[in-house]
Amino acid sequence: MARELSEVGVVGLGTMGAGIAEVLARAGLSVTAVDVSDEAVQRGRGHVETSTGKAVARGRLADAEREEILSRIRFTTSRADLAAAELVVEAVPERMELKGQLFAELDAICPPDTILASNTSSLSVTELAVTTGRPGRVVGMHFFNPAPVMKLVEVVSTVVTEPSVVEDVQALAARLGKVGVTIGDRAGFIANALLFGYLNHAVSMVETGHATREDVDAAMRLGCGLPMGPLALLDLIGLDTAQEILATMYQQSRNRRHAPNPLITQMTTAGLLGRKSGRGFYTYARPHSAEVVPDARTPAPGAVTEGARPADRVVVVAATAGAADALRAALPDGGLDVPVLLAQRVPEGGRGVRWTGEVDELAGADLVLVAGGDEPEGTRELFAAVGEATRPGAVLATTSATPPVVVCAAASGRPADVIGLHLAGRAGASRVVEVVSAVSTGPDAAATGHAFCAALGLPAVSSPDRAGRVVDALLFPHLNDAVRMLEAHYATADDIDAAMELGCGYPVGPFALLDAVGLDVALAVEQELYAESREPGLAPAPLLGHLVTAGHLGRTAGRGFRDHPSR
Ligand code: CAA
């Protein structure tokens, strides 16, 4: 039977500590909230007042309830005031010496049965536990930012944590309206271990000029339905925190996906810490504000369509009727009333492509959407035929993920006019178009692609002609990391999905998404990404290949990472 805690403490009143104090007080617990200076305490109180004030303004909390919540928190600079606490959560900066010293001090102040919990995101809870004379009563209690909103608490149990302590902390998490997921003491636990490889990857895309910060963020919000793009999320988390988490994880894992990208380190050194300092990847109205203001790197409105040619006459060319139907269905309702030409391959002689439909339509086209399919030879022949049948300057767009745009461009006879228009979208109905430029693509052809998307009301991002472009290039390695976690018996598929859904607001967790996308599709994308980069961290997880071989292809096959009996 779990102990019902009523008297608790929080040490460290930054964003996380203040949020945790608010969550505890909202659940009716009496909270002693401690920080080192009057100034820090005032800042912490300010956080709680602002957050609960917003809740009142939104009609989510009555004024009287807010007063009660605030009255349940005693703010103080004296750690000795924690003498009556049954549980203390620390949320001081992520430095082992600081936390170790604090735990040793709390051990002396608090009664022997007080539970000492750390909100550390990546440091070893075991190391913290042994700084005290009660290692069995030390746990991790890892909340997610913003603590009042995110429903996950990772309960970190070390090899010496007493089972009754885990039970008490799980019961407390439930009382706070959170879902507790118990995990062993490994750097990054579940959510951070998975999240930060992806965030780091997103930073390297910006650093190498693969895509702009706006495009990376839009691609992941609109293409995957994530609540925030990775760079905006890093600004929320704090670049210094991210740097510390990545460095600690890299030290343990030696996985290059965790080696902090130099840009993160440089921004941290320069004090560009994100929302808390008023500037990170984006610039904010003031420190701690969520309001983004334009800065020197914000693209000028309309600049992207400069040089665009109007696409009044659009023709769809598809190797199969299925591809044409799929393309039509994917575009906004009624947005594309255009002729469709079907192409058949002719095995011998001629161009290798025979048209069904009005070939003359091609001559007048401003933009031709070519759904060639994944087979390179057929696509090459199709582009050669389209290149010949259209007028110079007409933009030819491949809508297939493979082969690369440059292959289509080379076959077309006029490479400057060839782009990719790839409808990306992996979770739910959210969609974004990746306007793909190959090395041979002329700037106005890409601008025409953007203008076409804008006319249809489809959000678009610019992408280089690289495997996975932007969305898949970021998403699939992230999913692959989840498979590796499962393969290593690090956590269950259910816990990993819950961690990402509840801790990071994902619409569906990685395994639910893999089952929906298809494990064979995921494997093919990952093989392509690995073949291009040869990055060891991108090599497909062996488990994925084994499941595909075994016919566990996901939802449509009735079986993937989970069973789907009623397909
Ligand atoms: N404090 C309290 N409440 C807040 C809040 C805050 N800082 N920010 C937002 N909220 C509340 C709002 O009041 C609102 O509540 P109601 O619906 O009751 O009115 C609700 O949250 C939604 O807020 P908004 O409509 O303003 O904004 P949104 O819909 O864009 O959601 C978000 C904001 C919740 C932050 C959402 O974008 C999200 O889920 N982002 C992902 C966050 C994430 O991944 N967090 C984990 C980071 S990793 C981590 O924390 C671990 C670590 O160790 C670093």
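These figures come from a predicted structure and were not determined experimentally. (Residues numbered from 1 in each chain as written. Predicted model: local features only at pLDDT ≥ 70, side-chain atom pairs only at ≥ 80, totals over all residues. Heavy atoms only, no water.)

**Topic: the sheet that holds strand E7 (residues 152–156)**
Consideration 1: Reading across from one edge, E3-E2-E1-E4-E5-E6-E7-E8 is the order of the 8 strands in this open sheet, with mixed pairing throughout. Every other strand in the sheet has two partners, leaving strand E3 (73–76) and strand E8 (179–183) as the edge strands with one partner each. Averaged over all neighbouring strand pairs, the angle between strand axes comes to 25 degrees, with direction disregarded.
Consideration 2: Inspection of the sheet shows strand E5 (residues 115–118) paired to strand E6 (residues 138–142) by 3 bridges, in the parallel sense. Of the residues in E6, the one forming a bridge with serine 118 is glycine 140. (Pairing = 2+ DSSP bridges. Helix = DSSP H or I, 4+ residues; strand = E, 2+ residues; numbered from the N terminus. Axes fitted to C-alpha atoms, helices over the stretch in contact; angles between N-to-C directions.)

**Digging into unusual backbone geometry**
Consideration 1: Between asparagine 145 and the following residue, proline 146, the backbone shows a cis peptide bond with an omega angle of 0 degrees.
Consideration 2: Of note, proline 146 is situated in the loop between E6 and E7.
Consideration 3: Residue proline 403 follows threonine 402 across a cis peptide bond; omega there is -5 degrees.
Consideration 4: Within the secondary structure layout, proline 403 lies in the loop between strand E15 (395–398) and helix H15 (405–412).
Consideration 5: Its identity is not glycine, yet arginine 469 carries a phi of approximately 45 degrees, on the positive side.
Consideration 6: Assignment of secondary structure puts arginine 469 in the loop between strand E18 (460–464) and helix H17 (471–487).
Consideration 7: For arginine 469, a relative accessible area of 6% gives the class buried. (Buried < 20%, exposed > 50% of the residue type's maximum accessible area, 1.4 Å probe, protein only.)

**Structural notes on the domain arrangement of the protein chain**
Consideration 1: On domain assignment, one finds that the protein chain holds domain 1 (7–184), domain 2 (189–269 + 470–567) and domain 3 (303–464).
Consideration 2: Placing the centre of domain 1 and that of domain 2 at their C-alpha centroids yields a distance of 29 Å.
Consideration 3: Taken together, the 20 residues of domain 1 in the interface contact 17 residues of domain 2.
Consideration 4: Counting across the domain 1 and domain 2 interface gives 0 salt bridges.
Consideration 5: Summed over the shared surface of domain 1 and domain 2, the number is 6 residue pairs in polar contact (both at pLDDT 80 or more).
Consideration 6: Tallying contributions element by element places E8 first for the side of domain 1 that touches domain 2, with 4 residues. (Domains from an automatic or database assignment. Contact = heavy atoms within 4.5 Å. Salt bridge = Lys/Arg side-chain N within 4 Å of Asp/Glu carboxyl O. Polar contact = N/O pair within 3.5 Å; in protein donor to acceptor, adjacent residues only side chain to side chain.)

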